[in-house]
Amino acid sequence: MSTLEFSAAAKERLEWLRTRYPKEHQRALILPVLSMAQREFGWVGPEVVHFVAAQIPVPAIQVEEVATFYTMYNKQPIGRWHLQVCHNLSCSLMGAEIVLEHVEKKLGIARGETTEDGEFTLIGAECLGSCGTAPMMQVNDHYHENLSLQDVDDLLEKLRATPDQEANPADLPFGCGSGPSRALPRDGARLEAGRAVHVPHHGETPVTHEVAERPKEAAGQPVTDAWTPQGMAQ
Amino acid sequence: MTTDSVTLTIDGNSVTVPKGTKVIDAAREAGKNIPHFCYHPGLPVDGNCRMCISDIRTWNPRAEKHMPARRPAVACWVDAEENMQVFTDTPEVKKARASVMEFLLINHPIDCPICDKAGECMLQDYYMLHDRAPSKLREEKVHKPRLVPFGKRIVYNGERCILCSRCTRFTTHVTKTHELGIVNRGDRAIVEVLEGGDFANAYTDNVADICPVGALTKTDFRFKKRVWFLKHTDSVCGGCSRNCNTVVDHDGSEVIRIMPRERAGVNDWWMCNEGRDLYKEHAALARPAATLRIDGLEGGTASSITTWVGEKLAEYKKSDAAAVLVSPWISNEEAWLLSFLLGKLKIGHLDVMTGRTEGALPADDLLHTDDPNPNRAGAIAAGIVPDKKAGKGIDEIKAAIEAGEIEFLLLWGPHFGNDLDPELLSKVATVVQITDEHDAVSDAAAAVLPLRTWAERDGTWTNFEGHTSRFRRSLRPPAGALDGFDLLMQLCAAAGVKSPAKSLRDARKKLKQDPDSDVRAIVDGKFTFPEQSALYRHTSGAREV
């Protein structure tokens, strides 16, 4: 029997998420709940798959199908720091392979492996959308861009010295990804001074619609996810 | 024309179908088979294989013309519309299909010579029909797991798989057991049973039937026979009162496998694993020999023993000391003739036995019923019931045997062990056993006549919902085994009763004209159990008809 359990915050978010989908489409919860589970348990193993399936509930095989389809769910345990070096076109042109080989040599591991001390997991990632600042590396939820080999060395030293709490802060907002894109309205609409402008297709009337204001960033406080229950209550 | 139906043309042929029908079904209605892999009439539409791609043109009422299709569409996904034009084999469509075939074959291992599906493989057939081009691929083909057991009965070969998702849709929507899923992505995708899970529901073999390629094979059939050496005979499964329509694949003397045959309202497209294994039971059957154990009359041929039994029956005309018990494995025609004969002889102690109980499976929502015998309904409908005035039912017959009142007992068919033990039978002076299975009673009965099994004779059975299905002889019967209907004709002759039918075919015709509505219902497929019948208990799991 599974001994896994969500934290109080995750449970609260799960209940709120349930209200976001029609009753007959609760299957759509698989993606966000898997993402929450990864944040809570570090990786998505068989036990987590069964746990997530029981939470929604859906047959476990459907969760497995989703979890194995997307590369951002870790199917293996990962180290304290998850280094994802982009090696798609732009980054490769700017020397991503050199960065990757450098990290491999420095940590003594190949792509897809974890260091013996459990500090680092290295993978070569596909485009992370940071082509303008290539080469880049995503470390847990943060982007490190315009990398030089010296930057990489400094970063690895810094990461090693960073205490656990900062590596995986407990109050980090749930949700995939990080950075400013999190608060963007959906549907790929552009954010223009608080108004989303739907880019119309040919022959369509342009539509504009109000976008919920992004919560102000309080000093010293992490940014609250705009889609958390608190955000909705406002 | 009503608003509930639409009329469209398929390659110029007009066809009217109910609204909501998919184009591929409408084409089938018009006699046009659009090639397909992932589409299956018993499964929800998925539209992933793209093989049924066709030129589908909708009618534009404002422009008053058919709109040329921007691109070919998949016929399994598009709903038939009023005035739609469908072209299924234009040069463009053929070219698109050839491309689909080329795509599906990119990583296919083409190991047909060692593949059990070869000969009945849709990929093979469609390659010959639609592609016939050599592979352009110079790279190494993608390798995937090849010998993955899915439970005990199915083996999965990931390299042959074209990911049509028929098997996963079967476990999701038909059995609703959710064992199979497609995991990973792109050219790494494979079908998988969840880690720690098992693929062990009662209907697993169906996934191998519906697999359009050789990715899922049955352990029971793997490397046993090339399919083109198989002879196919339409038959019916006797494993339970569902009467799944089947095809017996055999080589004349031995059954190799049993496959389901489509029959709407009975088994649709499916069949259970137990039913498929019934042929093993059949092969292991101990067959009786024609025997007569009457002082001074020992030995004798099947024919002379039959005559003796017929004459003996006639001796008990209007007697209270004779009883007949019938197995629910009797065919409708045999039951009809037997009941006619006994009616003429005024032998009223007649009933259907409990029959087989060993193979009983819990009734479920798909096929299984809780009566593991095929023809209780048909036997009752054909008249195997106690005489209305003075006839005894099975419980009273047993009581009468116990009391020593029965002198002559005729047992028709196998599996009476659940009603009568040899000790009870020893109280009957003359036991005549007509059966396809040798058992303890065969060693003691006054007369034994060997009968042909369901696989060795023709006939019909009626299932618990009143649907009648016809089974045909697939195997050569062992020497001496008698056809049930012929045997009854001889019994009639020996007993001095004129048979109402000249042959089995004639009997089938007569059944249709029988004045008794129950008997006619066998042919009409409308027979339902009388609610209060004592025999109804055997079908307590009967569904609403």
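Residues numbered from 1 in each chain as written. Chains lettered and ligands numbered in written order. Predicted model: local features only at pLDDT ≥ 70, side-chain atom pairs only at ≥ 80, totals over all residues. Heavy atoms only, no water.

*Asks:* Any chance you could break down the overall build of chain A for me, citing the residues and the numbers?
*Replies:* Helix and strand content of chain A: 9 helices and 7 strands. Counting the 234 residues in chain A, one finds 36% classified as buried. In chain A, the proportion of contacts linking residues at least 24 apart, taken out of those at least 6 apart, comes to 60%. Of the roughly 13800 Å² of accessible surface on chain A, 55% is carried by carbon and sulfur atoms. (Helix = DSSP H or I, 4+ residues; strand = E, 2+ residues; numbered from the N terminus. Buried < 20%, exposed > 50% of the residue type's maximum accessible area, 1.4 Å probe, protein only. Contact = heavy atoms within 4.5 Å. Areas by Shrake-Rupley, 256 points an atom, 1.4 Å probe, with all protein chains shown as cover.)

*Asks:* Any details on helix α13 (residues 484-495) of chain B? Residues and values, ideally.
*Replies:* Residues and elements named next belong to chain B. Under the 1.5 Å per step criterion, the end-to-end length of α13 is 16 Å for 12 residues, consistent within 8% with the ideal 16 Å. Residues of α13 that are buried: G484, F485, L487, L488, L491, C492 and A495. For α13, the arc enclosing every buried residue in end-on projection is 155°, short of the 170-degree limit, so these residues lie on one face. Its buried side turned inward, α13 meets α8 (302-315), α9 (332-345), β19 (408-412), β20 (430-435), β21 (447-450) and α14 (504-513). If you check the start of α13, you find a side-chain oxygen 3.1 Å away from the backbone N of F485, and it comes from D483. (Expected span 1.5 Å × (residues − 1). Arc of directions from axis to C-beta. Polar contact = N/O pair within 3.5 Å; in protein donor to acceptor, adjacent residues only side chain to side chain.)

*Asks:* Quick rundown of a nonpolar patch on the surface? Include the residues and the values.
*Replies:* Residues and elements named next belong to chain A. A surface patch of nonpolar side chains, amounting to about 250 Å² of accessible area, comprises L31, F69 and Y70. Mapped onto the fold, L31 is located in helix α2 (residues 30-41). We classify L31 as partly exposed; its relative accessible area is 36%. (Patch = residues over 30% accessible without salt bridge, like charges linked within 9 Å, V, L, I, M, F, W, Y side chains within 5 Å. Salt bridge = Lys/Arg side-chain N within 4 Å of Asp/Glu carboxyl O.)

*Asks:* Quick rundown of the sheet that holds strand β13 (residues 231-236) of chain B? Include the residues and the values.
*Replies:* Residues and elements named next belong to chain B. Taken in spatial order, the 3 strands of this open sheet run β13-β14-β15, and their pairing is antiparallel. The open sheet has two edge strands with one neighbour each: β13 and β15 (255-260). Strand-to-strand, the axes of this sheet are offset by a mean angle of 30°, without reference to chain direction. Of the pairings in the sheet, the one linking strand β14 (residues 245-250) to β15 comprises 5 bridges and is antiparallel in character. Residue pairing across strands places H250 opposite V255, the latter belonging to β15. (Pairing = 2+ DSSP bridges. Axes fitted to C-alpha atoms, helices over the stretch in contact; angles between N-to-C directions.)

*Asks:* Break down the pattern of salt bridges for me, with residues and values.
*Replies:* Residue and element names in this part refer to chain B. Enumeration according to the criterion identifies 36 salt bridges over all chains in this entry. We note a salt bridge from R153 to D205, for which the minimum N-O separation is 2.8 Å. Taken together, the residues R153 in the loop between β8 (148-150) and β9 (154-156) and D205 in helix α5 (residues 205-210) connect sequence positions 52 residues apart. Three or more residues are tied together by salt bridges with common partners; here these are R153, D205, D220, D277 and K280.

*Asks:* Any chance you could break down the interface of chain B and chain A for me, citing the residues and the numbers?
*Replies:* With 12 residues of chain B in contact, the opposing surface of chain A contributes 12 residues. Here chain B meets chain A over a buried area of about 990 Å², counting both sides, of which 61% is carbon and sulfur. Linking chain B with chain A are 0 salt bridges. Between the two partners, chain B and chain A, sit 3 residue pairs in polar contact (both at pLDDT 80 or more). If you tally residues by element for the side of chain B that touches chain A, the top one is strand β10 (residues 180-183) of chain B, at 4 residues. In the side of chain B that touches chain A, the residues fall into 4 nonpolar, 4 polar and 4 charged. (Buried area = accessible area lost by both parts, 1.4 Å probe. Nonpolar A, V, L, I, M, F, W, Y, C, P; charged D, E, K, R; others polar.)

*Asks:* I'd love a proper account of the packing of helix α6 (residues 96-107) of chain A against helix α7 (residues 149-161) of chain A, names of residues and values included.
*Replies:* All names here are of chain A. With their axes 10 Å apart at the nearest point, α6 and α7 run at an angle of 40° to one another. By the angle between their axes, α6 is oblique relative to α7. Crossing geometry of α6 relative to α7 is assigned as right-handed. Between α6, through I98, V99, H102, V103, K106 and L107, and α7, the contact on the second element is made entirely by L149, V152, D153, L156, E157 and R160. A breakdown of the residues in the contact of α6 with α7 according to their chemical character gives 7 nonpolar, 1 polar and 4 charged. (Parallel < 35°, antiparallel > 145°, perpendicular 65-115°, else oblique. Left-handed = near helix turned anticlockwise from the far one by under 90°.)

*Asks:* Requested: an account of helix α3 (residues 122-131) of chain B, with residues and values cited.
*Replies:* Residue and element names in this part refer to chain B. All of the buried residues along α3 are M122, L123, Y126 and D131. Axial view of α3: buried residues confined to an arc of 100°, hence all on one face. The inward-facing, buried residues of α3 abut α2 (91-105) and α4 (166-174). After α3 finishes, the residue R132 shows a positive phi value of roughly 55°.

*Asks:* Lay out the nonpolar core with the relevant residues and their values.
*Replies:* Residues and elements named next belong to chain B. Core analysis: the largest hydrophobic core is formed by 55 residues, its most contacted members being F37, L123, F150 and L216. In terms of residue count, the dominant contributor to this core is α2 (4 residues). In terms of nonpolar packing, the next biggest core, distinct from the first, is built from 52 residues, V326, I330, L338 and L451 among them. (Core = buried A, V, L, I, M, F, W, Y, C linked by side-chain atoms within 4.5 Å.)

*Asks:* How would you explain the state of the cysteines if you had to name every residue and give the values?
*Replies:* Taken as a whole and judged by the stated rule, the model has 0 disulfides over all chains. Free of any disulfide, A:C131 has its nearest cysteine sulfur in A:C127, 3.7 Å distant. Residue classification places A:C131 among the partly exposed residues on the basis of a relative accessible area of 38%. Here B:C121 is not disulfide-linked; the sulfur of B:C115 is the nearest cysteine sulfur, at 6.2 Å. A residue is classified by how much of its surface remains accessible, and B:C121, at 7% relative accessible area, is buried. (Disulfide = S-S within 2.5 Å.)

*Asks:* Requested: an account of unusual backbone geometry, with residues and values cited.
*Replies:* With an omega of -10°, the peptide bond running from A:I56 to A:P57 counts as cis. Inspection of the secondary structure assignment puts A:P57 in the loop between α3 (46-55) and α4 (60-69). Here A:A134 and A:P135 are connected by a cis peptide whose omega angle stands at -10°. Structurally, the position occupied by A:P135 is in the loop between β2 (120-125) and β3 (137-139). Residue B:K346 is not a glycine yet carries a positive backbone phi of 55°. Relative to the assigned elements, B:K346 resides in the loop between α9 and β18 (350-352).

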